[in-house]
Amino acid sequence: MSFATTKFAHHIPLSTTAARSNDHKPFLDPFKATPFLGSTHKFRFHPLTNSNHTNNHRRSAVVAVSDVLKAKKPKSTSNLLITKEEGLELYEDMVLGRAFEDMCAQMYYRGKMFGFVHLYNGQEAVSTGFIKLLKKEDCVASTYRDHVHALSKGVPARAVMSELFGKTTGCCRGQGGSMHMFSSEHNVLGGFAFIGEGIPVATGAAFSSKYRREVLKEADCDHVTVAFFGDGTCNNGQFFECLNMAALWKLPIVFVVENNLWAIGMSHLRATSDPEIWKKGPAFGMPGVHIDGMDVLKVREVAKEAIGRARRGEGPTLVECETYRFRGHSLADPDELRDPGEHLFVSFPLFRIPIYSLMSSTFTFIFVCARM
Ligand SMILES: Cc1ncc(C[n+]2csc(CCOP(=O)(O)OP(=O)(O)O)c2C)c(N)n1
Ligand SMILES: [Mg+2]
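Here, residues in each chain are numbered from 1, in the same order as that chain's written sequence. Following the order in which they are written, the chains are lettered starting with A and the ligands numbered starting with 1. In keeping with the predicted nature of the model, local features appear solely for residues at pLDDT of at least 70, side-chain atom pairs appear and are counted solely at 80 or more, and the whole-chain, interface and lining totals rest on all residues.

1. Looking at the overall build of the chain
Item 1. Helix numbers and strand numbers start at the N terminus; a helix is a DSSP run of H or I with at least 4 residues, a strand a run of E with at least 2. Helix and strand content of the chain: 15 helices and 8 strands.
Item 2. Exposed residues have 12 or fewer other C-beta atoms within 10 Å of their own C-beta, buried residues have 20 or more, and partly exposed residues fall in between, where C-beta atoms are placed from the backbone. The buried share among the 372 residues of the chain stands at 47%.
Item 3. By definition, residues are in contact whenever their C-beta atoms, placed on the basis of the backbone, come within 7 Å of each other. For the chain, the proportion of contacts with a sequence separation of at least 24, taken over those separated by at least 6, is 70%.

2. Some details on the site of ligand 1
Item 1. Working rule for contacts: place C-beta from the backbone, and if it is within 6 Å of a molecule or strand, that residue counts as near it. Lining the immediate environment of ligand 1, one finds 16 residues, of which Phe-194, Gly-230, Gly-232, Thr-233 and Ala-263 sit closest.
Item 2. Those elements giving two or more residues to the shell around ligand 1 turn out to be strand S3 (225-230) and strand S5 (262-263).
Item 3. Across the shell around ligand 1, the residue classes tally to 7 nonpolar, 7 polar and 2 charged. In this classification, Asp, Glu, Lys and Arg are treated as charged, Ala, Val, Leu, Ile, Met, Phe, Trp, Tyr, Cys and Pro as nonpolar, and every other residue, Gly included, as polar.

3. Considerations on unusual backbone geometry
Item 1. Phi at Arg-173 is positive, roughly 55 degrees, even though this residue is not glycine.
Item 2. Structurally, the position occupied by Arg-173 is in the loop between helix H7 (157-164) and strand S2 (188-190).
Item 3. Residue Arg-173 is classed as exposed on the basis of its C-beta count, with 12 C-beta atoms lying within 10 Å.
Item 4. A positive phi angle is found at Asn-187, which is not glycine, with a value near 55 degrees.
Item 5. With respect to the helices and strands, the residue Asn-187 is situated in the loop between H7 and S2.

4. Concerning the sheet that holds S3
Item 1. A sheet is described by the order of its strands in space; here 6 strands give the open sequence S2-S1-S3-S4-S8-S7, paired in parallel fashion. Only two strands of the sheet have a single partner each, and these edge strands are S2 and strand S7 (288-292). Taken over all neighbouring pairs, the strand axes of this sheet differ in orientation by 20 degrees on average, direction set aside.
Item 2. Pairing geometry for S3 and strand S4 (residues 253-259), over 6 bridges, is parallel. Here a strand pair is declared whenever DSSP counts at least two bridges between the two strands. Every angle, taken between N-to-C directions, lies between 0 and 180 degrees, and every axis is a line fitted to C-alpha atoms, over only the stretch in contact when it is a helix.

5. Some remarks on the pairing of strand S8 (residues 317-322)
Each regular strand shows side chains that alternate between the opposite faces of the sheet.
Item 1. The buried count for S8 comes to 6 of 6 residues, which makes it a mostly enclosed element.
Item 2. As paired strands, S4 and S8 are joined by 6 bridges and run parallel to one another. If you follow Glu-258 over to S8, its bridge partner there is Cys-321.
Item 3. Taken together, the 5 bridges between S7 and S8 define a ladder with parallel strand orientation. When the bridges of S8 are listed, Val-289 appears paired with Val-319.
Item 4. Traced from S7 through helix H12 (residues 296-311) to S8, the parallel crossover comes out right-handed. For the handedness criterion, the strands are oriented away from the viewer, and a crossover whose path from the first strand over the helix to the second runs clockwise is classed as right-handed.

6. Observations concerning the environment of Val-201
Item 1. Looking at the element boundaries, Val-201 is found in helix H8 (residues 198-214).
Item 2. Looking at Val-201, the number of C-beta atoms within 10 Å reads 19, which means it is partly exposed.
Item 3. Taking the C-alpha atoms as reference points, Val-201 and Ser-142, 59 residues apart in sequence, are found 9.9 Å from one another.
Item 4. Once residues within four sequence positions are removed from consideration, Val-201 is found in contact with Ala-141, Leu-189 and Gly-190.

7. Details of the confidence of the model for the chain
Item 1. Within a predicted model, pLDDT stands for the predictor's per-residue confidence, ranging from 0 to 100. Put simply, the chain has an average pLDDT of 79, and 70% of its residues get 70 or more.
Item 2. Long-range and interchain partners of residues 42-70, a stretch whose pLDDT sits below 50, account for 57 contacts in this model, where long-range means more than four residues apart.

8. Quick word on H7
Item 1. Every buried residue of H7 is listed here: Val-160, Met-161, Glu-163 and Leu-164. Considered in projection along H7, the buried side chains sweep an arc of 155 degrees and stay on one side of the axis.
Item 2. Against the buried residues of H7 lie helix H4 (84-109) and helix H6 (147-152).
Item 3. Among the residues trailing H7, Gly-166 stands out with phi positive, at a value near 70 degrees. It is the directions from the helix axis to the C-beta atoms whose arc is reported.

9. Regarding the packing of helix H5 (residues 124-131) against H12
The description of two packed helices rests on the angle between their axes and on the distance between the axes.
Item 1. Contact geometry of H5 with H12 gives a least axis separation of 8 Å together with a crossing angle of 35 degrees. For the pair H5 and H12, the crossing hand works out as right-handed. Residues Ala-125, Val-126, Thr-128, Gly-129 and Phe-130 of H5 form the contact with H12, whose own contacting residues are Val-296, Val-299, Arg-300 and Ala-303.
Item 2. Of the residues that constitute the contact of H5 with H12, the class distribution is 6 nonpolar, 2 polar and 1 charged. For any helix crossing, the convention is left-handed if the near helix is rotated counterclockwise from the far helix by under a right angle, and right-handed if that rotation is clockwise.

10. Considerations on H5
Residues spaced three or four apart along an α-helix point in a common direction, a consequence of the helix completing one turn every 3.6 residues.
Item 1. The buried fraction of H5 is high, at 8 of 8 residues.
Item 2. Burial in H5 covers these residues: Glu-124, Ala-125, Val-126, Ser-127, Thr-128, Gly-129, Phe-130 and Ile-131.

11. As for the pairing of S4
Item 1. The element S4 is largely enclosed, with a buried count of 7 among its 7 residues.
Item 2. Where burial is concerned, the two faces of S4 agree: the one with Ile-253, Phe-255, Val-257 and Asn-259 and the one with Val-254, Val-256 and Glu-258 are both buried.
Item 3. Each parallel crossover has a hand, and for S3 linked through helix H9 (residues 237-248) to S4 it is right-handed.

See the structure below:
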């Protein structure tokens, strides 16, 4: 087995010597900082934590990547093992996701779109990194933050946008709306308004795939299901019940936690006894992997192995992707609770300073000016 499990756990610290030497500083200098490594840094700037809260819980920022992959690749070229076409496909998918969501925001604020609309800005690498490795027959279960999962899985942007406008040409004939993207053709099992609801549905799909292969003897049925859900959802019972069943029956499923650090206005660190969600995998006897969810190549690397493992009949994997949402929880809830400094810090290293963050507070504006 190549992933980290309880038995074989080994923590690979991020190679961020420079970042560590900056631990004491309130903000890293974006120009001198090491490459952006996902939300690992963000914990240091949590509003609650001038204290050591962060350090207590996340000191060993773990990115567990398979031994096999590490052995195969020299460090310097590890990210280059994709073809130009694959790279372009990933880029295109992420840009599509971002542009789509920005257009949703425009339409919503112009009063053309109604209801709850939860955008995915910032999290694109997770959807792209996993879903672009799936076959058409493989299934995806999403959450209410589901537009981009549907797009990555191949549902045409026009059908997703029409759904948001409530048109009959939408992928659910306009009857589902933003939180309920579904496509039987593309095996998108749905977005779900109740948190955690997609996890048992995904577990059922994985069970059916295994049943078809092993009981009905459909030898070519090696379909995998990927279930996406948030950090807040991991405190729900359905998550634990499904980890148990999936491990017990060795189901072909990958549980992907998109840990954006917040559940509406509740910080992950305040809500969860052990914030390292990936550790819950080994507790159920499946590998748990923790990755930088804002690096599409790292996500893809781990996804490849987790999906391959499921397809080979070796059972489920829990992958915790550290990420961040750049917008509020929903368009109706534009998020005044997060510290603007946290938001800015996350955006700045890659020059992704969202306009709304600049507009949203004087503090942010002054900080940016000082940096220019
Ligand atoms: C069963 C259930 N309980 C409570 C809610 C209210 N609720 C909506 S979103 C949310 C937070 C979920 O956070 P997370 O799982 O981290 O997902 P994110 O929004 O960050 O993507 C909650 C508690 C709900 N939708 N369903
Ligand atoms: Mg969350």
